[in-house]
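Observations on chain architecture
One letter stands for each residue in the lines below.
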Amino acid sequence: MNIDEFKNEVEKLGIIVTEEEINKLERYCELLKEWNEKINLTTITDKKQVFLKHFYDSLTIVKMIDLNKVDSLCDLGTGAGFPGIVLKIFFPNLNLTLVDALNKRINFLEIVINELYLKNVTLIHDRAEEYGKNNRECFDVITARALSSFPILLEYGIPLLKVNGHLIAMRGLNDSNDGINALKTLDSKIINVLEFELPFEKSQRTLIDVIKLGKTSMKYPRRYAEIKKKSL
Ligand code: SAH
């Protein structure tokens, strides 16, 4: 999608796009291209594709939740910053934490944050399940796009969430039924599932909104070896 198409589609999501936001996205897109030649960040680098499949796609989360009312948001397995950085550009009120297991991606994000003058962003180089051992019940919202299977994502994310907080999983096909057992074990429930197609492309997207009902047992998250052996 070109810039005008982007603005148009984002306005349909209820967000007015300013010139400053477009400038930041253009710079972000350049950095992505430049650094992608040195480190593997994404397979998508064509500008129109980046605006559709990374920037617009990240913003679709507002179909689920009003981010103006959110304080702390943690994006797990953020990769090159999706959806976390894009959300921060449009919702500067967010206290954002970005977690990724690969240090080179975290180093890239540090450059993005400085170049775009983003404030109140914390970068964590760690595996989500390790970070979740010592950072319990501290975020209002957890996001994760294209990270692991749904039950594994729940085990990573729910321990980090405050009780009554929301985990919003951004997925391709709807695999929410795979989480039935994990949701029970982690005292959480799905309160909304939204299926839609990306504009232009027509590929399927699913947003799953999970609310945490009670405190998580210290047993979770387990170590990765155990999670992999048998997910919840
Ligand atoms: N959310 C981004 C990246 C998805 S790819 C996007 O949608 O474009 C998955 C990312 O999660 C990779 O960057 C990988 O390094 C990271 N990752 C995988 N397992 C992880 C774990 N257990 N903890 C933290 N990051 C993880």
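Computed from a predicted model, the values in this text were never measured in an experiment.

On to the overall build of the protein chain, then. Within the protein chain one finds nine helices and seven strands. In summary, the protein chain has a C-alpha radius of gyration of 17 Å against a globular reference of 17 Å for 232 residues, a match within 12%. For the protein chain, the spread of C-alpha atoms along the principal axes amounts to about 45 × 35 × 30 Å. The buried share among the 232 residues of the protein chain stands at 56%. Expressed as a percentage of contacts within the protein chain between residues at least 6 apart in sequence, the contacts between residues at least 24 apart total 70%. By element, 47% of the accessible surface of the protein chain is carried by carbon and sulfur atoms, the whole surface being about 10500 Å².

With that settled, consider the side chain of His54. Tracing the backbone shows His54 in helix α3 (residues 47–59). A distance of 2.9 Å separates polar atoms of two side chains, one belonging to His54 and the other to Thr42. The residues contacting His54, other than those within four sequence positions of it, are Leu32, Thr42, Ile44, Gln49, Phe82, Val86 and Arg145.

To continue, consider unusual backbone geometry. The omega torsion across Phe82 and Pro83 is 5°, close enough to zero to call that bond cis. Along the chain, Pro83 falls in the loop between β1 (72–76) and α4 (84–90). Here the amide bond leading from Tyr220 into Pro221 is cis, since omega sits at 0°, within 30 degrees of zero. Looking at where Pro221 falls in the secondary structure, it is placed in the loop between β7 (204–212) and α9 (224–229). Even without glycine at this site, Asn164 takes up a positive phi of about 80°. Within the element layout of this structure, Asn164 appears in strand β5 (residues 161–171). Positive phi, normally seen in glycine, also occurs at Asp187, with a value near 50°. When you line up the elements, Asp187 lands in the loop between α8 (180–185) and β6 (188–197). Residue Asp187 is classed as partly exposed on the basis of its relative accessible area, which comes to 35%.

Below, the discussion takes up the pairing of strand β3 (residues 121–125). The pairing of strand β2 (residues 95–100) with β3 spans five bridges and is parallel. Residue Leu96 lies in a different strand from β3, and its bridge partner there is Val121. The β-α-β motif built from β2, the intervening helix α5 (residues 103–115) and the parallel element β3 has right-handed crossover chirality.

Let's shift gears to the site of the ligand. Surrounding the ligand, one finds 16 residues, the nearest of these being Gly77, Phe82, Asp100, Ala128 and Arg145. Arg105 has a polar side-chain atom sitting 2.8 Å from an oxygen atom of the ligand. One of the side-chain nitrogen or oxygen atoms of Arg127 is found 3.0 Å away from a nitrogen atom of the ligand. Burial of the ligand by the protein chains amounts to 80% of its free accessible area of 570 Å². Grouping the constituent residues of the shell around the ligand by class yields seven nonpolar, three polar and six charged.

Next up on the list: the sheet that holds β2. The sheet built from seven strands is open, its strands ordered β3-β2-β1-β4-β5-β7-β6 with mixed pairing. Looking along the sheet, the strands with just one partner apiece sit at the ends: β3 and β6. The average undirected angle you get between the axes of adjacent strands in this sheet is 15°. Packed onto the sheet, α5 meets β2 and β3 and runs at close to 165° relative to β3. Strands in contact with helix α7 (residues 150–157) are β1, β4 (139–145), β5, β6 and β7; relative to β5, the strand with the most contacts, it is inclined by about 145°.

Criteria and thresholds
- Residues numbered from 1 in each chain as written.
- Predicted model: local features only at pLDDT ≥ 70, side-chain atom pairs only at ≥ 80, totals over all residues.
- Heavy atoms only, no water.
- Helix = DSSP H or I, 4+ residues; strand = E, 2+ residues; numbered from the N terminus.
- Rg over C-alpha atoms; globule rule 2.2 N^0.38 Å.
- Buried < 20%, exposed > 50% of the residue type's maximum accessible area, 1.4 Å probe, protein only.
- Contact = heavy atoms within 4.5 Å.
- Areas by Shrake-Rupley, 256 points an atom, 1.4 Å probe, with all protein chains shown as cover.
- Polar contact = N/O pair within 3.5 Å; in protein donor to acceptor, adjacent residues only side chain to side chain.
- Pairing = 2+ DSSP bridges.
- Right-handed = clockwise from strand over helix to strand, strands pointing away.
- Near = heavy atom within 4 Å.
- Nonpolar A, V, L, I, M, F, W, Y, C, P; charged D, E, K, R; others polar.
- Axes fitted to C-alpha atoms, helices over the stretch in contact; angles between N-to-C directions.

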